[in-house]
Amino acid sequence: MFVSDSAAVRRPRIQSRAEATILHADLDSFYASVEQRDQRWLRGKPVLVGGGVVLAASYEAKAFGVRTPMNVGQALRLCPHAVVVPPRMSAYAAASEAVFAVFHDTTPLVEGISIDEAFLDVGGLRRISGEPVEIAHRLRAEIATKVGLPISVGIAGTKFLAKVASADAKPDGLRLVEPGRELDFLHPLPVQRLWGVGKVTAAALHANGITRIGQLAELGEPHLRAILGPAAARHLFALAWARDPRRVETGRRRRSIGAQRALGRRGRAPEEIAAYLDGLTDRLGRRLRAADRSCRTVVLRLRFDDFSRATRSHTLLEATDATASIRHAARLLLDTAQPLVTERGLTLIGLSLTNLDDAGPRQLTLPLEPRAENTLDATLDDLRRRFGSTAVTRAALLKTGEGLSVPLLPD
Ligand SMILES: [Mg+2]
């Protein structure tokens, strides 16, 4: 049997959703908290962990304006009575491991961001573990008793909002962004809370009188583009309206996707075969774009009447997610294989897209608008999303149909 390699690498991926089921859990002043946990006398005192540079500051020190990274001399000028402690990396690694063990006990969908923070998807755990808020309460309590560290948790329908919420909850707090109240939560916050707003961008925004996220949202993308350029404007405008489609990512992403179509044993005219190939191309192009991926290599797989097989592949100069480019490559491969097809008779045609890559940062934050606006691909994708995958088909396939769809695994 013809086996597509598309099922080879699979991982659970969960999209942003209307319910608030994504937790962002972030330990508070991690290194400093470990030091206060292990050395009683440091509790309640301003603590700086570091040597030349402050790696972590306890909340008692942060209250004096100490930030990380900042050099220790400067920090001590702000907070002269702070205790400076050298870092103990092995203690932090052990604490991190214990915290992640609690994360993994909470849900199988854990996406570690760094040594002290992770996203957890708790959607689908309601019946076993309860509401996300209860799960988050329990998570914080467990980390306090088992590891002895304070952790803040944000809960929202998207990763971005969950992260903003955990920052808002600090120190040692819990913050839920209720579905439908996202903008009420987001818009009063300072623009620095948006991912991608560093010192330079913040200064440019402030120079234009924009200090709150709501102001940025109201400004509109064209005006924002004039201040920050197209890429940043697009990214920040989407975030300001709480659009963030990223899923909790737990492992390796699949490296190829494929589809195939059995043709039976009666002979098929070359243009009929080409039309089937186009149908496969359309379907895979759509899946590629829906998953925010691009491909470099197009692989044509053929099975013949005598059960022999052939594979032809073509690697593109540039990664693409455009149906037209994929189709061009697929058609070239079919043309090359035509003598073989004529000679042996084709019973199955398959197409795989491999060398998959993320489509690029430009796509990260655009769930509500088609990624390549005004292109045929985006229009067709949108029609199919709204009206079903059979809503639009190629004229050449109208009579035969695209064939039975292979069940789609998440890409
Ligand atoms: Mg942290």
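Everything numeric here is computed off the predicted structure, so don't read it as measured data.

1. Section: the sheet that holds strand β3 (residues 47-50)
As summarised here, the arrangement of the 3 strands in space is β4-β3-β5, forming an open sheet in which the pairing is mixed. In the strand order of this sheet, the two ends are held by β4 (54-57) and β5 (83-85), each with one partner. Neighbour-to-neighbour, the strand axes of the sheet open up by a mean angle of 30 degrees, direction not taken into account. Bridge count between β3 and β4: 3 bridges; the pairing is antiparallel. Note that in β4 the partner of Gly50 across the bridge is Val54. Packed onto the sheet, helix α1 (residues 30-38) meets β3, β4 and β5 and runs at close to 115 degrees relative to β3.

2. Here we look at the nonpolar core
Ranked by internal contacts, the top residues of the largest apolar core, which has 67 residues, are Leu23, Leu48, Ile155, Leu161, Leu216 and Leu236. Both domain 1 (22-176) and domain 2 (187-240) contribute no fewer than three residues apiece to this core. Residues Leu263, Leu302, Ala330 and Ile349 belong to the second largest nonpolar core, which totals 24 residues.

3. Some remarks on the packing of α1 against helix α4 (residues 89-106)
At a closest axis distance of 10 Å, the pairing of α1 and α4 adopts a crossing angle of 95 degrees. Relative to α4, the element α1 lies roughly perpendicular. In contact with Phe30, Tyr31, Val34 and Asp38 of α1, α4 contributes Ala91, Tyr92 and Ala95. Here the residues of the contact of α1 with α4 sort into 6 nonpolar, no polar and 1 charged.

4. Here's the deal with the pairing of strand β7 (residues 117-121)
In terms of burial, β7 is largely enclosed, as 5 of its 5 residues are buried. Two elements, strand β2 (residues 22-27) and β7, share 5 bridges in a ladder whose sense is antiparallel. Considered in β7, the bridge of Ala25 is made with Ala118. In terms of strand pairing, strand β6 (residues 110-114) meets β7 through 4 bridges, oriented antiparallel. Across the sheet, the residue bridging to Val110 is Leu120, located in β7.

5. Thoughts on the UniProt feature "site: Substrate discrimination" (unreviewed entry) in the protein chain
In the numbering used here, UniProt assigns the feature "site: Substrate discrimination" (unreviewed entry) to Tyr31. Relative to the helices and strands, Tyr31 is located in helix α1. For Tyr31, a count of 27 C-beta atoms within 10 Å gives the class buried. Once residues within four sequence positions are removed from consideration, Tyr31 is found in contact with Val49, Leu55, Ala56, Pro87 and Tyr92.

6. Focus on the pairing of strand β11 (residues 257-262)
Counting buried residues along β11, 5 of its 6 residues qualify, which places the element largely inside the surrounding structure. By the bridge criterion, 6 bridges tie β11 to strand β14 (residues 346-354) in an arrangement that is antiparallel. Bridging across to β14, Ile257 finds its partner in Leu353.

7. Observations concerning the sheet that holds strand β8 (residues 151-156)
Strands sit in the order β6-β7-β2-β8-β9 across an open sheet of 5 strands; the sheet is mixed. The open sheet has two free edges, formed respectively by β6 and β9 (174-176), since each of these has just one partner strand. With direction set aside, neighbouring strand axes in the sheet form an average angle of 15 degrees.

8. Brief notes about unusual backbone geometry
In this structure, Pro69 follows Thr68 across a cis peptide bond, with omega equal to -10 degrees. Between Lys170 and Pro171 the backbone carries a cis peptide bond, its omega angle lying at -5 degrees. Position of Pro171 relative to the elements: it lies in the loop between α7 (159-169) and β9. The phi torsion at Asp172 lies on the positive side, around 55 degrees, for a residue other than glycine. With respect to the helices and strands, the residue Asp172 is situated in the loop between α7 and β9. Of note, Ala242 is a non-glycine position whose phi angle comes to about 65 degrees, a positive value. Assignment of secondary structure puts Ala242 in the loop between α12 (230-240) and β10 (248-249).

Parameters and conventions
Residues numbered from 1 in each chain as written. Predicted model: local features only at pLDDT ≥ 70, side-chain atom pairs only at ≥ 80, totals over all residues. Pairing = 2+ DSSP bridges. Helix = DSSP H or I, 4+ residues; strand = E, 2+ residues; numbered from the N terminus. Axes fitted to C-alpha atoms, helices over the stretch in contact; angles between N-to-C directions. Contact = placed C-beta atoms within 7 Å. Core = buried A, V, L, I, M, F, W, Y, C linked by C-beta atoms within 7 Å. Buried ≥ 20, exposed ≤ 12 C-beta atoms within 10 Å, placed from the backbone. Domains from an automatic or database assignment. Parallel < 35°, antiparallel > 145°, perpendicular 65-115°, else oblique. Nonpolar A, V, L, I, M, F, W, Y, C, P; charged D, E, K, R; others polar. UniProt positions renumbered as here; feature names shortened; annotations may be inferred.

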